[in-house]
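Below, each chain spelled out in residue letters.
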Amino acid sequence: MYHFTGHGSQNYPPSCLKSSEPTQHQHLFYINLYRVFYSVPLNFSDFNFSHQSPPMTLMTPPPIDAEEDEMLVPHSDFVAPEGPQPMEATPAEAPNVVDAPTVDDPPSARFTWTIENFSRLNSKKLYSDVFFVGGYKWRVLIFPKGNNVDHLSMYLDVADSSTLPYGWSRYAQFSLAVVNQIHNKFTVRKDTQHQFNSRESDWGFTSFMPLSELYDPSKGYLLNDTCIVEADVTVRKVVDYWSHDSKKETGYVGLKNQGATCYMNSLLQTLYHIPYFRKAVYHMPTTENDMPSGSIPLALQSLFYKLQYSDTSVATKELTKSFGWDTYDSFMQHDVQELNRVLCEKLEDKMKGTVVEGTIQQLFEGHHMNYIECINVDYKSTRKESFYDLQLDVKGCRDVYASFDKYVEVERLEGDNKYHAEQHGLQDAKKGVLFIDFPPVLQLQLKRFEYDFMRDTMVKINDRYEFPLQLDLDREDGKYLSPQADRSVRNLYTLHSVLVHSGGVHGGHYYAYIRPTLSDQWFKFDDERVTKEDMKRALDEQYGGEEELPQANPGFNNSPFKFTKYSNAYMLVYIRESDKEKIICNVDEKDIAEHLRIRLKKEQEEKEQKRKEKAEAHLYTIIKVARDEDLHEQIGKDIYFDLVDHDKVRSFRIQKQTPFALFKEDVAKELGIPVQYQRFWLWAKRQNHTYRPNRPLTPQEEAQSVGHLKEVSNKANNAELKLFLEVEVGQDLRPIAPPEKTKDEILLFFKLYDPLKEELRFVGRLFVKATGKPIEILAKLNELAGFTPDEEIELFEEIKFEPNVMCEHVDKKLTFRGSQLEDGDIICFQKPLKVENAETCRYPDVPSFLEYVHNRQVVRFRCLEKPKEDEFSLELSKLNNYDDVVERLARHLNLDDPSKIRLTSHNCYSQQPKPQPIKYRGVEHLSDMLAHYNQTSDILYYEVLDIPLPELQGLKTLKVAFHHATKDEVVIHTIRLPKQSTVGDVINDLKTKVELSNPNAELRLLEVFYHKIYKIFPLNEKIENINDQYWTLRAEEVPEEEKDLGPQDRLIHVYHFTKDTTQNQQVQNFGEPFFLVIREGETLAEVKVRIQKKLQVPDEEFSKWKFAFLSLGRPTYLQDSDIVSSRFQRRDVYGAWEQYLGLEHSDNTPKRSYAANQNRHTFEKPVRIYN
């Protein structure tokens, strides 16, 4: 999915989370408290770079059949911030040299690396020992604390890449795994394939698995602080991905990936290849004044037009901009199903009131009927609902028909679950769904992801699941149809496209198999690459399940090698046979509005012209000609250092074989300077990184061709030739022939500085004798500056400006040669500052002004509470220290105490504040505050504290929610105490702030997470390690009844819950959990009385509540006569959060956002289209 880039790229990898629902970090009853520590981007300067080589073993299984995975990126020490991020494309090197593997070495092998003392590793990155596969040297590279992400990062590396010959290349399929040492089936394994070369000598997964899971001992990945890593590597013949011409090979083109948009690409290709849909998009009204980036219809029309008529892959940036997405959205992987619904809803809305209104409904909308029918009385309740897609179960179903059978399965409502029918009371009933009609285009979303209660996480279902080429939904006498269905419509469907997800729950890659005309020929649309495929690849190989490979090395291992197929169908699109002529219709240029055709043809022509210019670039030289006018225009405005920005001067595109003399004629025509008055100088890049005119062209050089001259002058081998055009003028200001330059003459350039105005400008250039002295040209310089001839001036040489400014005083009495001046050097001069102006002038001389210009930095300050809004800007210096910055900020804010300001740096990738603020004097300079890995920001966030920051840093701040014993209120209190304080100190502090039911009331502090109580904090526990960022701290009075528990009494957890009808009746907790004392022999009826009184629920509402004993999320409903205590085990109740008394009722409480105080990295942003 990603655009790949090689080692040393300045970009950074994405971290693609794929989950359509939030994952709840719940806890299993048989393990210790599951503590989740979410890491922030690491500063690797804190680590020692010592390398260790733990023991490892090597064994050889048969080859693996790897699929591409969304997470594939070279590691290149880069950063993924609080959210996924992009890679930039760099063309892979041509595989000139392909290493030939030796015959004896196996082409496939498994390498096992046992890493001891894993949690104590201090190195940023760690390499395994070298192992051989296919005759090549390989090694595994890991970042134990993450490659600037909160995941383990792991890559396969070519061990000898630095010593291989130029142009080397090798291709491998491989998987990397972290072994689960408790349950092998929970081993995390990811596979991919890559063509390794000098630019991309390592490849793998920056976000391999969350560090919180890896370092949790109860999860099984670290046993005795030992981690086991496996690498299965299969060396394959080299595949030249880049030379494939999709249009030529297939007649279709692909879509470029923006970073994590393969899910969108596969959906867009599917929609595009429904011609009726494409025609409707073309007919949506747009105007020539619309801009694609601000109009979804125009952006989609433009995209579809380019897919139809372009010869190369098409970019999607205009479309995502029209969605209102920023860069960050494009690098956040979302869910195909969600994007499909949101996009269709948005288009449906945009089509209203147009000629294509209703198209989305006509194509995709079907209807089903939900019914409940009483068995013993004549009562039936029905409700008609529409759908644009159907979600089908994969788990427990062998194929699509089995899923439809399950969809219409009849549920019996009886016993405790009877149906309350109007006028009939509680009744036995049957409940189900039947279809009224199916749409012409049937979209089936396969539920490949679900919540696993035992593992307490989202998992991907890779089970085998078959789908037919033809789908008959009238089967078995219309068993899926309701009585109202129109039986004259034949619901026979043919498969049009298969969207595939390859990978796991934390990341993966999407692509699509489509047969655009419903012929036997299938095509695979994989981002930019389109290939022809057969039916077996599109259907059979996307069923999922396990595959057994033939034994490749029988001498090593006689057991068959099975592996789970992580690539499988995720969404199916069927087209009804009776509608296919209408849907697979002809779409041509007459369907496209004329203004759109003109606009897009012009775009295509411009693109073609650029492509042509690029293709012919080797035949041309770009000559950039700088003149005195450019220096006058730029110095002091656009630039201050050196002489000119070559990108802003006149350029000429000249064929390489053109004689230079002909080029001079072009210059004469363009600039009005006769050929005989032109003298050209070559520029040279000096060792100190300055760029200056170096020498004039010789007559012999001017007699050559442009191309030859470029080769002579330019060792960087780019297509540009940079020249300075010297034009001398006479007294009438007309050009004259340049005087002959002798070896003793030096061409110097002069800048004038005005310290009162703080201005620098170019005033001219002069030829001087190397043996002459500056004192001899002072009158001339005064003339250039407009001063009186005898004005006293000071001279400075501008020597360099990177990485530091170097500007030195020039001795007016020393010869130019003695001052080591040469052609192209720059002299800055000024009047000396008068004493009366010295105090008011910030930069009294040239060196101080240039130092200021070099380091000045305009910083945009934002209030941390409003992180999207620039509040004000201040001009600072990159060399300002911490105190300088906060003092300047305090002055602007009229704040007396600068130490009450706390600053937070900006994350350039997520465009958000970094999670951790800057500590008091925690960075040396402003430049450090603005640095974000390989980028520099100009944004800082500030907040004004109520106490000085140094004092605050010595304190621990906790937000505690106090639940009043008798009043129905919750008040959040901020507690600040020294870090060495205990929970007892927190409670004592809280007692001074809250209203107690009686003066002697005892308080306790609880840890609440997702509506469950996980812990009662001991009074002596230190608060330094308590984290209130991800779970809620709740304080409450200890009820009197809990203080005097009898030997047979139970203290149990009581939670509210409801069942999510859209998620297989999955239990969802909500509301405030609480403890309850259960007496020996007490019935549910007695317990209910106490619960109703405690919660003050009205009788009518309470009568609808159901009560259940829940263990691991599975409810067992209780009768009023049941003895409640018999259900609960005798054990430490504070570890019993997964066994509780559940109160089932509707959730009428206002929805609260738990993202604020649960892990903010856990949840994926929902797909939003803003425009």
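Just so you know, these numbers come straight off a predicted model, no measurement behind them.

Rules used throughout
- Residues numbered from 1 in each chain as written.
- Predicted model: local features only at pLDDT ≥ 70, side-chain atom pairs only at ≥ 80, totals over all residues.
- Heavy atoms only, no water.
- Helix = DSSP H or I, 4+ residues; strand = E, 2+ residues; numbered from the N terminus.
- Buried < 20%, exposed > 50% of the residue type's maximum accessible area, 1.4 Å probe, protein only.
- Contact = heavy atoms within 4.5 Å.
- Pairing = 2+ DSSP bridges.
- Axes fitted to C-alpha atoms, helices over the stretch in contact; angles between N-to-C directions.
- Expected span 1.5 Å × (residues − 1).
- Salt bridge = Lys/Arg side-chain N within 4 Å of Asp/Glu carboxyl O.
- Disulfide = S-S within 2.5 Å.
- Core = buried A, V, L, I, M, F, W, Y, C linked by side-chain atoms within 4.5 Å.
- Parallel < 35°, antiparallel > 145°, perpendicular 65-115°, else oblique.
- Nonpolar A, V, L, I, M, F, W, Y, C, P; charged D, E, K, R; others polar.
- Left-handed = near helix turned anticlockwise from the far one by under 90°.
- UniProt positions renumbered as here; feature names shortened; annotations may be inferred.
- Phe/Tyr/Trp six-rings, centres within 6.5 Å; stacked < 30°, edge-to-face > 60°.
- Lys NZ or Arg CZ within 6 Å of the ring centre and 35° of its normal.
- Polar contact = N/O pair within 3.5 Å; in protein donor to acceptor, adjacent residues only side chain to side chain.

1. Side note on the overall build of the protein chain
Tallying secondary structure elements over the protein chain gives 27 helices and 60 strands in all. Per-residue burial for the protein chain yields a buried fraction of 53% across its 1171 residues. Restricting the contact set of the protein chain to residue pairs at least 6 apart, pairs at least 24 apart contribute 71%.

2. A look at the sheet that holds strand β38 (residues 745-754)
Read across the open sheet, the five strands follow the order β39-β38-β42-β40-β41; overall the sheet is mixed. Lying at the two open borders of the sheet, with one neighbouring strand each, are β39 (759-769) and β41 (806-809). Taking each pair of neighbouring strands and ignoring which way they run, the sheet shows an average axis angle of 30 degrees. Bridge count between strand β40 (residues 794-800) and strand β42 (residues 826-830): five bridges; the pairing is antiparallel.

3. Concerning helix α26 (residues 1084-1095)
Residues that lie three or four places apart on an α-helix share one face, since the helix turns once every 3.6 residues. Counted at 1.5 Å a residue, the expected span for α26 with its 12 residues is 16 Å, and the 16 Å between its end C-alpha atoms agrees. Of the surrounding elements, those touching the buried residues of α26 are β57 (1066-1078), α27 (1099-1102), β58 (1106-1111) and β60 (1139-1144). Phi turns positive, to about 55 degrees, at Gln1096, one or two residues after α26.

4. Focus on unusual backbone geometry
With an omega of -5 degrees, the peptide bond running from Glu802 to Pro803 counts as cis. For Pro803, the location among the structural elements is in the loop between β40 and β41. Of note in the backbone geometry, Gln423 takes a positive phi value of approximately 65 degrees without being a glycine. Following the sequence through the fold, Gln423 ends up in the loop between β17 (419-421) and β18 (425-427). Of note, Asp642 is a non-glycine position whose phi angle comes to about 60 degrees, a positive value. Mapping Asp642 onto the fold places it in the loop between α15 (628-634) and β32 (650-655).

5. Notes on the sheet that holds strand β54 (residues 1012-1016)
If you walk across this open sheet you meet the five strands as β52-β51-β55-β53-β54, and the pairing is mixed. Edge strands, defined here as strands with exactly one partner in the open sheet, are β52 (970-978) and β54. Ignoring strand direction, the axes of neighbouring strands in this sheet form an average angle of 40 degrees. Note: strand β51 (residues 955-963) against strand β55 (residues 1032-1037), four bridges, orientation parallel. Bridging across to β55, His963 finds its partner in Glu1036. Helix α24 (residues 983-991) rests against β51, β52, β53 (1003-1009) and β55 of the sheet, and its axis sits at about 125 degrees to β52.

6. Description of the pattern of salt bridges
Following the criterion strictly, the structure yields 70 salt bridges and no others. The salt bridge partner of Arg412 is Glu414, with a shortest N-O separation of 3.8 Å. Residue Arg412 is classed as partly exposed on the basis of its relative accessible area, which comes to 48%. Glu1002 serves as the salt-bridge partner of Lys1043, at 4.0 Å between the closest nitrogen and oxygen. Of this pair, Lys1043 sits in helix α25 (residues 1040-1043) while Glu1002 sits in the loop between α24 and β53; the two residues are 41 residues apart in sequence, bridging distant segments of the chain. Residue classification places Lys1043 among the partly exposed residues on the basis of a relative accessible area of 34%. Within the structure, one salt-bridge network assembled from shared partners comprises Asp642, Arg686, Arg692, Lys751, Glu798, Glu822 and Asp825.

7. Remarks on the state of the cysteines
If you walk through the whole model with that rule in mind, you get zero disulfides. The thiol of Cys828 is unpaired, and the distance to the nearest cysteine sulfur, on Cys807, comes to 5.4 Å. Taking the relative accessible area as the measure of exposure, Cys828 reaches 0% and is therefore buried.

8. Focus on the nonpolar core
Phe277, Phe304 and Phe364 are the most contacted members of the largest nonpolar core, which totals 55 residues. A per-element tally of this core places helix α5 (residues 296-309) first, with eight residues. Sequence-distant contacts of Phe277, defined by excluding residues within four places in its chain, comprise Leu271, Phe304, Leu347, Ile360, Leu363 and Phe364. Counting residues in hydrophobic clusters, the runner-up holds 41 residues, among them Cys397, Ile436, Val498 and Leu539.

9. Things to note about the packing of helix α3 (residues 262-272) against α5
Running from amino to carboxyl end, α3 crosses α5 at an angle of 75 degrees, the nearest separation of the two axes being 11 Å. Taken together, the axes of α3 and α5 lie roughly perpendicular to each other. Residue-level inspection shows Leu268, Gln269, Leu271 and Tyr272 of α3 in contact with α5, the latter providing Leu300, Leu303, Phe304, Leu307 and Gln308. For the contact of α3 with α5, the per-class residue count stands at seven nonpolar, two polar and no charged.

10. Side note on the packing of α5 against helix α14 (residues 594-615)
Their axes nearest at 11 Å, the elements α5 and α14 cross at an angle of 55 degrees. For the element pair α5 / α14, the angle class is oblique. With respect to the hand of their crossing, α5 and α14 are arranged in right-handed fashion. Side by side, α5 and α14 meet where Leu298, Gln301, Ser302, Tyr305, Lys306 and Tyr309 of the first sit next to Leu596, Arg597, Arg599, Leu600, Lys601, Glu603 and Gln604 of the second. The residue inventory of the contact of α5 with α14, partitioned by class, reads five nonpolar, three polar and five charged.

11. Quick look at the UniProt feature "coiled-coil region" (unreviewed entry) in the protein chain
Residues annotated in UniProt with the feature "coiled-coil region" (unreviewed entry) correspond here to residues 590-618. Helix makes up 76% of residues 590-618 and strand 0%, whereas the separation of the span's terminal C-alpha atoms amounts to 39 Å.

12. A closer look at the packing of aromatic side chains
What characterises a pair of aromatic rings is the spacing of the ring centres plus the angle enclosed by the ring planes. In this structure the tally under the stated criterion is 46 aromatic pairs. Seen in terms of ring centroids, Phe205 and Phe208 are 6.0 Å apart; in terms of plane orientation they differ by 65 degrees. Their pairing is edge-to-face. Each member of the pair, Phe205 as well as Phe208, is classed as buried. Ring centres of Tyr305 and Tyr309 lie 4.8 Å apart, and the angle between their planes is 45 degrees; on these two criteria the pair is classed as tilted. Here Tyr309 and Tyr305 lie together in helix α5, a separation of four residues that amounts to about one turn. Its relative accessible area of 31% is what places Tyr309 among the partly exposed residues. Across from the ring centre of Tyr620, 3.8 Å away, lies the NZ or CZ of Arg653, which sits over that ring.

13. Observations concerning the environment of Tyr155
With respect to the element layout, Tyr155 can be found in strand β8 (residues 151-158). Polar contacts involving the side chain of Tyr155 include one to the side chain of Asn147, which spans 3.1 Å. Separated by 2.9 Å, the side chains of Tyr155 and Thr206 make a polar contact.

14. A short note on α3
Burial of α3 is extensive: 11 of the 11 residues sit out of reach of the surface. Regarding α3, the residues found buried are Cys262, Tyr263, Met264, Asn265, Ser266, Leu267, Leu268, Gln269, Thr270, Leu271 and Tyr272.

15. Quick look at the pairing of β54
Along β54, five of the five residues are buried, which leaves the element largely enclosed by surrounding structure. The pairing of β53 with β54 spans four bridges and is classified as antiparallel. Following the sheet pairing, Phe1009 is matched in β54 by Lys1012. Between β53 and β54, which pair antiparallel and follow one another directly, the connecting turn spans two residues, one of which, Tyr1010, has a positive phi of 50 degrees.

16. Observations concerning the pairing of strand β50 (residues 939-944)
For β50, a buried count of five out of six residues is recorded, marking the element as mostly surrounded by other parts of the structure. Of the strand pairs in this sheet, strand β43 (residues 856-863) and β50 are connected by four bridges, and their pairing is parallel. Residue pairing in the sheet places Arg862 in a bridge with Tyr941 of β50. Pairing geometry for strand β45 (residues 901-904) and β50, over four bridges, is antiparallel. Opposite Thr904, over in β50, you have Tyr941 as the bridge partner.

17. Here's the deal with the environment of Val441
Among the structural elements, Val441 can be located in strand β20 (residues 441-447). The class for Val441 is buried, based on a relative accessible area of 0%.

18. Focus on the side chain of Glu230
In this structure, Glu230 sits in strand β12 (residues 227-236). Here Glu230 falls in the buried class, since its relative accessible area comes to 12%. A distance of 3.0 Å separates polar atoms of two side chains, one belonging to Glu230 and the other to Arg189. Among residues more than four places away in sequence, those in contact with Glu230 are Arg110, Phe111, Thr112, Ser175, Leu176, Ala177, Val179 and Arg189.

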